[in-house]
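Each chain is listed here by its residues.
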Amino acid sequence: MITTTDLTKVYRSRGREVTALDGVDLHVREGEVYGVVGQSGAGKSTLIRCVNLLERPSSGTVTVAGQDLTALAGRGRRAGSALRQARSRIGMVFQHFNLLSSRTVRDNVELPLEILGVSGKERTRKALELLDLVGLADKAKAYPAQLSGGQKQRVGIARALAGDPKVLLSDEATSALDPETTRSILQLLRDLNRQLGLTVLLITHEMDVVKTICDSAALMSDGRIVESGKVTDLLATPGSQLAQELFPVGGVPSAEDRTVVDVTFQGEAAAKPVISQLSRTYNIDISILGAAMDTVSGNQVGRMRIELPGPFEENVVPIGFLREQGLQVDVADVDASKTAVLKEGAK
Ligand SMILES: Nc1ncnc2c1ncn2[C@@H]1O[C@H](COP(=O)(O)OP(=O)(O)O)[C@@H](O)[C@H]1O
Ligand SMILES: [Mg+2]
């Protein structure tokens, strides 16, 4: 649904150049909720603004629903109207809501329809329908100042849906909200995703948001995507930084002649008493250094960092046992160069 190819954005201001995007290849499938995470300044907002051409990429292409927006943006005035049309099929939700304070809630939702030239009667019908969809049917005549933060964001979402978009972009939509309101807004986004088949690309700096609603995620750093994929696949990827941030298991090895492994449980495997079986079968003492359990998009997922006595070479068989139980096993070590070798050996 959304593809960017080798997307680059260089800002030039006061003789200085900032490379905000440095060759980004993003692939968002139709109907999924895709989260982009990363530290402040990583380029997340620039990426989302480039996806709907609010920001003109320096190079590379953006394709949404099969349409090359960068090609439209590059051509003359007629293409400009085609770009506006294509853009109306991409809704955008902002952190600070960006509502017009002088307009009622209903008039705020009608605004994009006015711009599209939809008749007054039809605009009103559509706005009321959307306000009902986001649970604000009774606030049509209120002004933004009379609403809570969560209600304002619901108006922002209704407005974003006015053009019947196939894609919804959200830049930190819940960052200005308290945890409970955040949950209800995330639930709304998830419901819209399911009910309308809406593809959602969202930016967040909160890992909880990814855990709660994202099917896929990408980690950005210095204008690049350093990791991406389905969240469940990332959790099963040895050494995944995103997995570690989603489920920090902590703990460091206590001695040299020990083997530390990260074990990821998903689905049925989570219910089996594998650690006690491992201990009994091989007659070894196992220390649990850290563990985390959570649900990702409704699926139970657990990660555990355990320590086995002896170096890696002596633990090949127990590690094989864990893998046979359907668990993802990632051999870890504090020494990075050693880790690489161990991982090779573990394959
Ligand atoms: N309009 C702009 N002009 C110049 N530099 C910008 C502009 N917008 C963002 N940047 C710079 O681009 C980089 C990425 O910013 P941004 O996309 O906002 O990151 P994020 O959303 O991940 O915090 C930062 O170094 C930021 O200072
Ligand atoms: Mg940002």
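Please read all numbers here as calculations on a predicted model, not as lab measurements.

Conventions used here
Residues numbered from 1 in each chain as written. Chains lettered and ligands numbered in written order. Predicted model: local features only at pLDDT ≥ 70, side-chain atom pairs only at ≥ 80, totals over all residues. Heavy atoms only, no water. Domains from an automatic or database assignment. Contact = heavy atoms within 4.5 Å. Buried area = accessible area lost by both parts, 1.4 Å probe. Polar contact = N/O pair within 3.5 Å; in protein donor to acceptor, adjacent residues only side chain to side chain. Helix = DSSP H or I, 4+ residues; strand = E, 2+ residues; numbered from the N terminus. Buried < 20%, exposed > 50% of the residue type's maximum accessible area, 1.4 Å probe, protein only. Pairing = 2+ DSSP bridges. Right-handed = clockwise from strand over helix to strand, strands pointing away. Core = buried A, V, L, I, M, F, W, Y, C linked by side-chain atoms within 4.5 Å. Expected span 1.5 Å × (residues − 1). Lys, Arg positive; Asp, Glu negative; His and termini not counted. Salt bridge = Lys/Arg side-chain N within 4 Å of Asp/Glu carboxyl O. Phe/Tyr/Trp six-rings, centres within 6.5 Å; stacked < 30°, edge-to-face > 60°.

Caption draft 1: Geometry of the domain arrangement of the protein. According to the domain assignment, the protein contains domain 1 (2-235) and domain 2 (247-346). A C-alpha centroid distance of 39 Å is found between domain 1 and domain 2. Taken residue by residue, the interface counts nine residues in domain 1 and 11 residues in domain 2. Summing both partners gives a buried area of about 740 Å² for domain 1 against domain 2, and 53% of it is carried by carbon and sulfur. Among the residues domain 1 hides against domain 2, the three largest losses belong to Lys211, Thr232 and Leu235. Together they make up 81% of the total. Linking domain 1 with domain 2 are one residue pair in polar contact (both at pLDDT 80 or more). At the level of elements, α8 (207-213) and α9 (231-235) are the ones that each hand at least two residues to the side of domain 1 that touches domain 2.

Caption draft 2: Representation of the pairing of strand β8 (residues 199-203). In terms of burial, β8 is largely enclosed, as five of its five residues are buried. Of the two faces of β8, the one holding Thr199, Leu201 and Ile203 and the one holding Val200 and Leu202 are both buried throughout. When strand β3 (residues 33-38) meets β8, the two strands line up parallel, connected through four bridges. Across the sheet, Gly35 pairs through a bridge with Leu202, a residue of β8. As defined by bridge partners, strand β7 (residues 167-171) adjoins β8 across five bridges and the pair is classed as parallel. Across the sheet, the residue bridging to Asp171 is Ile203, located in β8. Following the chain from β7 across helix α7 (residues 179-196) to the adjacent parallel β8, one finds a crossover that is right-handed.

Caption draft 3: Structural detail: the nonpolar core. Core analysis: the biggest nonpolar cluster contains 51 residues, and Leu131, Ile157, Leu168 and Val231 have the highest contact counts within it. Ranked by the residues each element gives to this core, the list is headed by α7, at five residues. Formed jointly, this core draws a minimum of three residues from each of two domains, domain 1 (2-235) and domain 2 (247-346). Ignoring any residue separated from it by four or fewer positions in sequence, one finds Leu131 in contact with Val105, Arg106, Val109, Leu136, Ala137, Ala140 and Ala158. In this structure, Ile2, Val28, Tyr34 and Leu83 belong to the second largest nonpolar core, which totals 30 residues.

Caption draft 4: A look at α7. For α7, spanning 18 residues, the distance from its first C-alpha to its last is 25 Å, which sits close to the expected 26 Å at 1.5 Å a residue. Of all the positions in α7, only Thr181, Thr182, Ile185, Leu186, Leu188, Leu189, Arg190, Leu192 and Asn193 are classed as buried. Residues of α7 that are buried in the fold lie against β3, α5 (120-133), α6 (149-160), β7, β8 and α8. Measuring from the backbone nitrogen of Glu180 back to the side-chain oxygen at the start of α7 gives 3.1 Å, which picks out Asp178 as the cap. A positive phi of about 65 degrees marks Gly197, the residue just after α7.

Caption draft 5: Structural view of helix α4 (residues 105-115). Along α4, the residues that are buried comprise Val105, Asn108, Val109, Glu110 and Leu113. Tucked into the core, α4 has its buried residues touching α5 and α6. Note on α4: the residue one or two positions beyond its end, Gly117, has a positive phi of about 80 degrees.

Caption draft 6: How the structure looks around the side chain of Asp171. Looking at the element boundaries, Asp171 is found in strand β7. For the buried residue Asp171, which engages in no salt bridge, the nearest side chain bearing the opposite charge is Arg49, 5.1 Å off. Discounting residues that sit within four places of it in the chain, Asp171 has contacts with Ser45, Ile48, Met92, Val93, Phe94, Gln95 and Ile203.

Caption draft 7: Highlighting the side chain of Arg305. Structurally, Arg305 is set in strand β13 (residues 299-309). Here Asp262 takes part through its side chain, which lies 2.6 Å from a polar atom of the side chain of Arg305.

Caption draft 8: Representation of the packing of aromatic side chains within the structure. According to the stated counting rule, one finds one aromatic pair in the structure shown. Centroid distance Tyr282 to Phe321: 5.7 Å. Interplanar angle 75 degrees. Geometry classified as edge-to-face. In this pair, Tyr282 sits in helix α11 (residues 274-282) while Phe321 sits in helix α12 (residues 316-324), placing the two residues 39 residues apart along the sequence. By relative accessible area, which is 30% here, Tyr282 ends up partly exposed.

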